[in-house]
Amino acid sequence: MSKLSTKRLIQSIMVLLATITINAKAQTITIPIETKQNALVLEVSSEKYLNTVYFGDKLSNPKEYNTISKANGLADKFDGYNSAYTLSGSRNLLEPAISVTHADGNKSLDLKYVSHHITKINDDVSLVSIELKDPIYDFEVTLNYQTYYNENVTEQWSVITHHEKKDVILDKYASANLYLQAGGYWLKHFHGEWAQEMRPEEEQLDHGIKTLDTKLGSRADLFQPPVFMVSLDRPSTEDDGAVLYGNIEWSGNYRIDLEVDPANGLRVIAGINNYAADYLLKPGVEFTTPKFVYTLSNKGKGEASRDLQAWARKYKIVDGEGPRLTLLNNWESTFFNFNEEILSGILKDTKKLGVDLFLLDDGWFGNKYPRNDDHAGLGDWQENKTKLPDNIAFLTKSAKADSVKFGIWVEPEMVNPKSELYEKHPDWIVKQPQRPEYYMRNQLVLDLSNPKVQDFVFGVVDGLFTKNPELAYIKWDCNSLMYNAYSAYETHQGNFYTDYVFGLYKVLDRLRAKYPKVPMMLCSGGGGRVDYGALKYFTEYWPSDNTDPIERIFIQWEYSYFYPALASSNHVTNWGKQPLKFRTDVAMMGKLGFDIVVSKLKPDELMFCQQAVKTYKQFSEAIWHGDQYRLQNPRENDVASMLYVDPAKTSAIMFNYLVNNRYAAGSKLPIRLKGLDPDKTYSVSELNLFPGTKSSIAEATYSGKFLMTVGINPDVHSERTSVVIGVTEIR
Ligand code: DGJ
């Protein structure tokens, strides 16, 4: 909950009359909200209801926006189908965006247009705010649409407030309510489980409501991540068709309703899940919903992804336009069994491998209840005296001596019942007072709605940095979802799920205010918490504990629709049956890391990894900050192919993998590249060759036009299952 900053208010330019176009005859107010390619057009009906009358390609003549509603039959509607924020308890009979119980117990809400204003934040970003008010009750909602013009992205959220005599209950309080009209809607959404993240499903929506949601509390996205896409008129492909992408920026229970209405329009309502979350709002307090981010492309999924990725790098992910650290992690190589000697060896291996940082994982803390497995110690964030007698300082010092950086794992929102924290602060823990405890991974969740718990969690991470200023990286894990959701702190239990996430964000806000750029990985026992609400605070996320490279090709592929590659932490491990080269190539498609025993590598394997790290750095501009092109989908082809082109179109890197082991499966034809400069000349050669092997692709030069028109065959087959090709401009 926050008020618009006074600075923003001062900056805000009231352009009421300039932006409102008034249709002289009907006296309608039309509000077009434009990005480079699209226009979302809102209109105020004669009875002052705010409706969406259009969302699609923008028109070249803005004067025509106020004639759209006549043409598409949405003029002056009051049935609520295309409401810009659907009400409940009054005239609307469809799924509401907002539903309340007023101070007097009445459940009806009527919101009418009062005014709107536009704030131009910079050349790219503008904010349209529209005030709505109930004519009877002292209850208001401001709808906010923040556009990122060049990226074709909009973030939408609502601010709800009231001045009734007593508290009001918000029974539903969505962030956004969109309305689209098309000749059919194809929804692609995702489901998952541990090690099975981002499994796609696509279906044509028919009449009624399809709801995507979670009720897991923390680690909320385990079963269903909060991202989706809807193709309009026909299923879109990479380069063809209209498609809407959406993500609710919320790291807790969310709910996205997609309703094909009786008039065949599509209503999309996205926000916090109101399941067990009737929110008590005191008079005069502003409730700010999370943002719902979306982009609409008329050129298929590829363009929508690149727009969203560009937006995320520029505006959302921490240091999205900066570099990333390559690393060696010890989770899979030691699990909980390590000591200073073993870790000193790993630090030396970090240097030997040529990566930037050593990341110490779980198991370094707890004394009364040592963290020697996952049954004990969570919550007691003091170095274990047996494993680390010289504390973390020993590791930061040794790292310095080895000229590498050092980072550490934490899971500060959680507690094991076997811990001193559990003994000292039972009231800080999410659990039902009268029911038996029930655990996931032998742990419980701390109650972050409680400011004291927020201080504690902040203190855990802040304490690590204060004591160890050289600490260069945090992996923030979150393994448990919430059973028996109950807060000893909250007076109104309906506020708990929502306040938990607000509490988490308060902690992360404080940390980022003090440590603005330190890299932090967002982990949740795999990808249980990947959304733009959380990624605002993190430099990267952990897509899955499943690092089998074949699985990762599929998992990383699906994440790539919504998130940029530099945010995807990909580690080379011993999962799967593929050779080291295959595993390394797949990990290079995002933020490269290793989680292997370096000392067990054979000399040629070590040499390969060292060279791969160098090659990765050479092409990092394309992988981290470039445009990503999904060339061949692993679900539809024997060979998966993914391309990254740097922003200057001077270098590109193409990854190709055999994903089908049937007889003679392989790349039969050239694969056409994309996104290059047709007039530039590029040299093409194979990268990441394992020592002793030769490439079957002759080094050659081609024009960008040739590579994009004819393409190149990476020659992938059962003897060459993983092929990486570098494309470099010749000047
Ligand atoms: C789950 C994470 O996903 C793993 O990478 C690892 O950090 C373990 N937790 C540690 O307990």
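The sections below set out a description of the structure shown in this document. Nothing here was measured: the structure is a model prediction, and the numbers come from that model.

**Some words on the overall build of the chain**
Here is step 1 of the chain: Secondary structure assignment for the chain yields 16 helices and 36 strands.
Here is step 2 of the chain: For 731 residues, the compact-globule estimate of 2.2 N^0.38 gives 27 Å, and the C-alpha radius of gyration of the chain, at 27 Å, lies within 12% of that figure.
Here is step 3 of the chain: In terms of principal-axis extent, the alpha carbons of the chain reach across some 80 × 70 × 50 Å.
Here is step 4 of the chain: In the chain, which comprises 731 residues, the share counted as buried stands at 62%.
Here is step 5 of the chain: Across the chain, the fraction of contacts at a sequence separation of at least 24, relative to all contacts at a separation of at least 6, is 68%.

**Quick word on the pattern of salt bridges**
Here is step 1 of the chain: Here the structure, examined in full by the defined rule, presents 42 salt bridges.
Here is step 2 of the chain: Residue Asp 362 is joined to Arg 441 by a salt bridge in which the shortest nitrogen-to-oxygen separation is 4.0 Å. Placement of the pair is Asp 362 in the loop between β22 (357-360) and α7 (391-401) and Arg 441 in the loop between α8 (420-424) and β25 (444-445), with a sequence separation of 79 residues.
Here is step 3 of the chain: Residue Asp 362 is classed as buried on the basis of its relative accessible area, which comes to 1%.

**Concerning the pairing of strand β6 (residues 112-120)**
Here is step 1 of the chain: Relative to strand β7 (residues 125-133), β6 runs antiparallel, the two being bridged by eight bridges. Looking at the pairing, His 117 lines up with Ser 129 of β7.
Here is step 2 of the chain: Count of turn residues in the β6/β7 antiparallel hairpin: four residues.

**Details of unusual backbone geometry**
Most peptide bonds take the trans form, and the phi angle of most residues other than glycine is negative.
Here is step 1 of the chain: Positive phi, close to 75°, is recorded for Lys 48, a residue that is not glycine.
Here is step 2 of the chain: A positive phi is found at Arg 441, a non-glycine position, where the angle reads about 50°.
Here is step 3 of the chain: Here Arg 441 falls in the partly exposed class, since its relative accessible area comes to 25%.

**Examining the site of the ligand**
Here is step 1 of the chain: Neighbouring the ligand are 13 residues, the closest being Asp 361, Asp 362, Lys 475, Asp 477 and Asp 545.
Here is step 2 of the chain: Side-chain polar atom of Arg 441 to an oxygen atom of the ligand: 2.9 Å apart, as the coordinates give it.
Here is step 3 of the chain: Gly 526 has a polar backbone atom sitting 3.3 Å from an oxygen atom of the ligand.
Here is step 4 of the chain: In isolation the ligand exposes 300 Å². Once the protein is present, 97% of that is buried.

**Here's the deal with helix α14 (residues 603-618)**
Here is step 1 of the chain: For α14, which comprises 16 residues, the first-to-last C-alpha distance of 23 Å matches the rise-based estimate of 22 Å (1.5 Å per residue) to within 8%.
Here is step 2 of the chain: Along α14, the residues classified as buried are Glu 605, Leu 606, Phe 608, Cys 609, Ala 612, Val 613, Thr 615 and Tyr 616.
Here is step 3 of the chain: Taken together, the buried residues of α14 touch α6 (340-353), α13 (580-587), β30 (591-594), α15 (620-625) and β34 (681-687).

**Some remarks on the sheet that holds strand β29 (residues 569-572)**
Here is step 1 of the chain: Spatially, β28-β27-β26-β23-β22-β21-β30-β29 is the arrangement adopted by the eight strands of the open sheet, whose pairing is parallel. Edge strands, defined here as strands with exactly one partner in the open sheet, are β28 (540-541) and β29.
Here is step 2 of the chain: Packing of helix α9 (residues 451-467) onto the sheet brings it into contact with β23 (405-410) and β26 (473-476), and relative to β26 it is tilted by some 155°.
Here is step 3 of the chain: Running at roughly 170° to β29, α13 makes contact with β29 and β30 of the sheet.

**Observations concerning the nonpolar core**
Here is step 1 of the chain: Judged by nonpolar contacts, the single largest core of 184 residues is most densely connected at Phe 139 and Trp 364.
Here is step 2 of the chain: Considering every element that reaches this core, the biggest residue donor is helix α10 (residues 496-514), with 10 residues.

**Some thoughts on the environment of Trp 381**
Here is step 1 of the chain: When you line up the elements, Trp 381 lands in the loop between β22 and α7.
Here is step 2 of the chain: In this structure, Trp 381 is in contact with Trp 364, Phe 365, Trp 409, Val 410, Glu 411, Pro 412, Phe 456 and Val 460, ignoring residues within four places of it in sequence.

**Things to note about α9**
Along an α-helix, residues three or four positions apart point the same way, because every turn accommodates 3.6 residues.
Here is step 1 of the chain: Here α9 is 17 residues long and its end C-alpha atoms lie 23 Å apart, about the 24 Å a rise of 1.5 Å per residue gives.
Here is step 2 of the chain: Those residues of α9 that fall on the buried side of the exposure criterion are Val 453, Gln 454, Val 457, Phe 458, Val 460, Val 461, Asp 462, Leu 464 and Phe 465.
Here is step 3 of the chain: Between the side-chain oxygen of the N-cap and the backbone nitrogen of Lys 452 there are 2.9 Å, and the N-cap of α9 in question is Asn 450.

**Quick notes on the sheet that holds strand β36 (residues 722-730)**
Here is step 1 of the chain: On the basis of which strands lie adjacent, the open sheet formed by six strands has the order β31-β32-β33-β36-β34-β35 and antiparallel pairing. If you trace the sheet from one side to the other, it starts and ends with β31 (627-632) and β35 (700-703), each paired once. Within this sheet the neighbouring strands show an average axis-to-axis angle of 25°, counted without direction.
Here is step 2 of the chain: Bridge count for strand β32 (residues 639-645) against strand β33 (residues 651-658) is seven bridges, and the pairing is antiparallel. What sits directly across from Ser 641, in β33, is Asn 656.
Here is step 3 of the chain: Running at roughly 125° to β31, helix α12 (residues 549-560) makes contact with β31, β32 and β33 of the sheet.

**Looking at the packing of α9 against α10**
Here is step 1 of the chain: Two elements in contact, α9 and α10, have axes whose closest approach is 9 Å; the angle formed by their N-to-C orientations is 25°. The pairing of α9 with α10 is recorded here as roughly parallel in orientation. Where α9 crosses over α10, the two elements pack in a sense that is right-handed. Judged by residue contacts, Gln 454, Asp 455, Val 457, Phe 458, Val 461, Asp 462 and Thr 466 of α9 engage Gly 503, Lys 506, Val 507, Arg 510, Leu 511 and Lys 514 from α10.

**Details of the pairing of β31**
Here is step 1 of the chain: Both β31 and β32 contribute to a ladder of five bridges, which runs antiparallel. Note on β32: the bridge partner recorded for Asp 627 is Val 645.
Here is step 2 of the chain: Between the end of β31 and the start of β32, which pair antiparallel, lie six residues.

**Comments concerning the packing of aromatic side chains**
Here is step 1 of the chain: In the structure shown here, the tally under the stated rule is 41 aromatic pairs.
Here is step 2 of the chain: Both rings, one in Phe 358 and one in Phe 406, keep their centres 6.0 Å apart while their planes meet at 45°; by these two values the pair is tilted. Of this pair, Phe 358 sits in strand β22 while Phe 406 sits in strand β23, placing them 48 residues apart in sequence.
Here is step 3 of the chain: Classification of Phe 358 by relative accessible area gives buried; the value is 0%.
Here is step 4 of the chain: Looking at Phe 406, the relative accessible area reads 1%, which means it is buried.
Here is step 5 of the chain: One aromatic cluster in this structure is built from Tyr 148, Phe 190, Tyr 245, Trp 311, Tyr 315, Tyr 532, Tyr 541, Tyr 559, Phe 562 and Tyr 563.
Here is step 6 of the chain: A cation over a ring is seen here: Lys 291 above Trp 157, with NZ or CZ 4.7 Å from the ring centre.

**Topic: the environment of Ile 160**
Here is step 1 of the chain: For Ile 160, the location among the structural elements is in strand β9 (residues 153-162).
Here is step 2 of the chain: A sequence separation of 378 residues divides Ile 160 from Phe 538, and the C-alpha atoms of the two residues are 28 Å apart.
Here is step 3 of the chain: Once residues within four sequence positions are removed from consideration, Ile 160 is found in contact with Tyr 85, Ile 98, Phe 139, Glu 140, Val 141, Leu 170, Tyr 173, Leu 281, Val 285, Glu 286, Phe 287 and Thr 289.

Calculation criteria
Residues numbered from 1 in each chain as written. Predicted model: local features only at pLDDT ≥ 70, side-chain atom pairs only at ≥ 80, totals over all residues. Heavy atoms only, no water. Helix = DSSP H or I, 4+ residues; strand = E, 2+ residues; numbered from the N terminus. Rg over C-alpha atoms; globule rule 2.2 N^0.38 Å. Buried < 20%, exposed > 50% of the residue type's maximum accessible area, 1.4 Å probe, protein only. Contact = heavy atoms within 4.5 Å. Salt bridge = Lys/Arg side-chain N within 4 Å of Asp/Glu carboxyl O. Pairing = 2+ DSSP bridges. Near = heavy atom within 4 Å. Polar contact = N/O pair within 3.5 Å; in protein donor to acceptor, adjacent residues only side chain to side chain. Areas by Shrake-Rupley, 256 points an atom, 1.4 Å probe, with all protein chains shown as cover. Expected span 1.5 Å × (residues − 1). Axes fitted to C-alpha atoms, helices over the stretch in contact; angles between N-to-C directions. Core = buried A, V, L, I, M, F, W, Y, C linked by side-chain atoms within 4.5 Å. Parallel < 35°, antiparallel > 145°, perpendicular 65-115°, else oblique. Left-handed = near helix turned anticlockwise from the far one by under 90°. Phe/Tyr/Trp six-rings, centres within 6.5 Å; stacked < 30°, edge-to-face > 60°. Lys NZ or Arg CZ within 6 Å of the ring centre and 35° of its normal.

So, to be careful, I would describe these as geometric facts and stop short of saying anything about function.
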